[in-house]
Amino acid sequence: MKRSWSASVGMAAGALTVGVATLLAGLMTQMGLAAGTPSPLFAVGGAFVDRTPPWLKDFAVATFGTYDKAALIVGMTLVLTVVCAVIGIVGARRRTAAMVAFEVVGAIGMLAVATRPHSGTLDILPTLIGTAAGLWVLSTLWQRAAKAEHGTPVDRRRFLLGAAGVTVVALAAATVGQVLGQRAGQAVQSRAAVRLPKAATPVVISAGAQLGVKGITPYIVDNADFYRIDTALVVPQLDTAGWSLKVHGMVDREVTIDWATLLTKPMQNALITLTCVSNEVGGDLTGNAVWSGWPVRELLKMAGPKPGADMVLSTSSDGWTAGTPLSALTDDRNALLAMAMNGQPLPFEHGFPVRLVVPGLYGFVSATKWVTSLKVTTFADDQAYWTPRGWSERGPVKTESRIDVPRAGDRVSAGKVAVAGIAWAQHRGIVAVQVRVDNGEWQPARLADEPSIDSWRQWVLEWQAVKGNHTITVRAIDAKGVVQTQTEAPPAPDGATGWHTITVNVE
Ligand SMILES: Nc1nc2c(c(=O)[nH]1)N[C@H]1C(S)=C(S)[C@@H](COP(=O)(O)O)O[C@H]1N2
Ligand SMILES: [Mo]
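Owing to the predicted nature of the structure, the values given are computational and were not obtained by experimental measurement. (Residues numbered from 1 in each chain as written. Chains lettered and ligands numbered in written order. Predicted model: local features only at pLDDT ≥ 70, side-chain atom pairs only at ≥ 80, totals over all residues. Heavy atoms only, no water.)

## Notes on the site of ligand 1
Moving on, step 1. As a matter of local geometry, ligand 1 sits amid 19 residues, with Tyr227, Thr231, His350, Arg355 and Lys369 nearest to it.
Moving on, step 2. In this structure, Arg355 approaches ligand 1 through a side-chain N or O atom, which is 2.7 Å from an oxygen atom.
Moving on, step 3. Here an oxygen atom of ligand 1 sits 2.5 Å away from a polar atom, N or O, in the side chain of Lys369.
Moving on, step 4. The fraction of the free accessible surface of ligand 1 (530 Å²) that becomes covered by protein chains is 98%.
Moving on, step 5. Tallied by class, the residues present in the shell around ligand 1 amount to nine nonpolar, five polar and five charged. (Near = heavy atom within 4 Å. Polar contact = N/O pair within 3.5 Å; in protein donor to acceptor, adjacent residues only side chain to side chain. Areas by Shrake-Rupley, 256 points an atom, 1.4 Å probe, with all protein chains shown as cover. Nonpolar A, V, L, I, M, F, W, Y, C, P; charged D, E, K, R; others polar.)

## What about the sheet that holds strand β11 (residues 400-405)?
Moving on, step 1. Across the sheet, which stays open at both edges, the four strands sit in the order β11-β13-β17-β16 with antiparallel pairing between neighbours. Looking along the sheet, the strands with just one partner apiece sit at the ends: β11 and β16 (446-447).
Moving on, step 2. Bridge count for strand β13 (residues 415-424) against strand β17 (residues 457-465) is nine bridges, and the pairing is antiparallel. Along β17, the bridge assignment pairs Val417 with Trp463. (Pairing = 2+ DSSP bridges. Helix = DSSP H or I, 4+ residues; strand = E, 2+ residues; numbered from the N terminus.)

## So, the packing of aromatic side chains
Moving on, step 1. This structure, assessed with the given rule, holds nine aromatic pairs.
Moving on, step 2. On the basis of an interplanar angle of 90° and a centroid distance of 5.9 Å, the ring pair of Phe226 and Trp291 is categorised as edge-to-face. Note that Phe226 is positioned in the loop between α7 (153-192) and β1 (244-249) and Trp291 in strand β4 (residues 286-295), a separation of 65 residues in sequence.
Moving on, step 3. The class of Phe226 is buried, set by a relative accessible area of 6%.
Moving on, step 4. Relative to Tyr385, the ring of Trp320 lies with its centre 6.5 Å away and its plane at 40°, an arrangement referred to as tilted. With Trp320 in the loop between β5 (311-316) and β6 (321-325) and Tyr385 in the loop between β10 (371-377) and β11, this pair connects stretches of sequence that are 65 residues apart.
Moving on, step 5. Residue Trp320 is classed as buried on the basis of its relative accessible area, which comes to 14%.
Moving on, step 6. In textbook terms, an aromatic cluster arises when at least three aromatic residues are bridged by ring pairs, as seen for Trp320, Phe364, Tyr385, Trp386 and Trp391.
Moving on, step 7. Over the ring of Tyr385 we find Arg389; its NZ or CZ atom is 3.8 Å from the centre of that ring.
Moving on, step 8. Lying over the aromatic face of Phe379, Arg394 brings its terminal NZ or CZ to 3.7 Å of the ring centre. (Phe/Tyr/Trp six-rings, centres within 6.5 Å; stacked < 30°, edge-to-face > 60°. Buried < 20%, exposed > 50% of the residue type's maximum accessible area, 1.4 Å probe, protein only. Lys NZ or Arg CZ within 6 Å of the ring centre and 35° of its normal.)

Just distances and angles here, no functional claims.
Shown next as structure tokens:
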């Protein structure tokens, strides 16, 4: 077999191993699955740096200056290329020995990954899968090379195209993985470095806001349990240094605010329940949290909306848009440029570094995550993401209630049973919740405290359960006197309606 051919088999296999491993490492870092340095090239590089004797370090810095790390990566790539070329050449005669040598190189990569600081058990996966891909390339291309040697020009072309194709794919994968991993790494560091200012308006949650019923939704939902809805296939990984928000359109003057400036503004804390318009009756696409941020009305005031404007089109870094009535962002409600959720910098999935949260409106018309632009405009001139897709232009939250316990289909013992759940009518407030068993009389539920009219409210009814199957129905009445409608409607176009009804079996 031609030496250059067998060498290129080894090099293509090595390239694919690094490419696949780097791509998977980048994806894992992006998804928050990797803790340490799952990319083998960087792990080996890091391990090498840690063990470099001082004289060599000094020499490297003196020779390459600030390019010392780039020089290291280039150097390692060259060494790896030569090693793989040799493995390829050896493999032309001694397949098994070459395969074992390749596995040893992969194992060195895995060892380096596993011993990096903060490494988790999952971190070696990219290198493991990459090595398997490399072994597959070795055996496939050796076969093709052997056939090409005594074969037709077609066989030769098949081999050369195969080797070139693998190398191109490998380089592309490595590049994408590197960009993903680096950006994600930067974003994670940026989020970890955030120091939130103390809020000018702390929220007070009285003990009476929680009824303490077993199985009821907690008044505040943990960030990790909070529902997530968005169109982003890959969670945007922004960092604070690169973030800014521009107010433009129908304004007296354009204003751009960056993270450092936002941090100097008096931060408000607010209890706000977020609800998705796609939530079915009884569904769980709703959550309550303490949000901290600067009222968006203050920023809009700086820009000076022009007369005639009635909508703000907010855009996220990934191009998603929401159309919010200008009035909801300029009246006295706590519409926030939120920087924190339950005292933590926003989780990436919930909009880090800054998102909008507007009491009383469904998320799809208000709660833009990763927000980077606010265009003051009109409903006549601009359309938000979901409007041409069959959803309403406006999205005030409807008065709703949900039974949390017992669960539908539960078996319970006869006697006292706590029927409990939550009700919400953001920015209006809940004044009553009523429960009905088997189409009997509506009975008033006991309400928990309501620390904010922008949040949901817990309720409970002590029910004397008697044997048999029973249906339980709930409805809420909001502070405007509106009784939750019985009329059943699907989520599209502007929110589901109907009464949440469950059946339980009492024994
Ligand atoms: N950038 C962006 N922001 C978005 C969305 C989106 O798709 N992209 N979805 C919205 C919808 S429909 C809802 S219900 C809320 C959900 O917010 P959460 O994921 O933090 O619970 O985010 C809103 N903000
Ligand atoms: Mo939503």
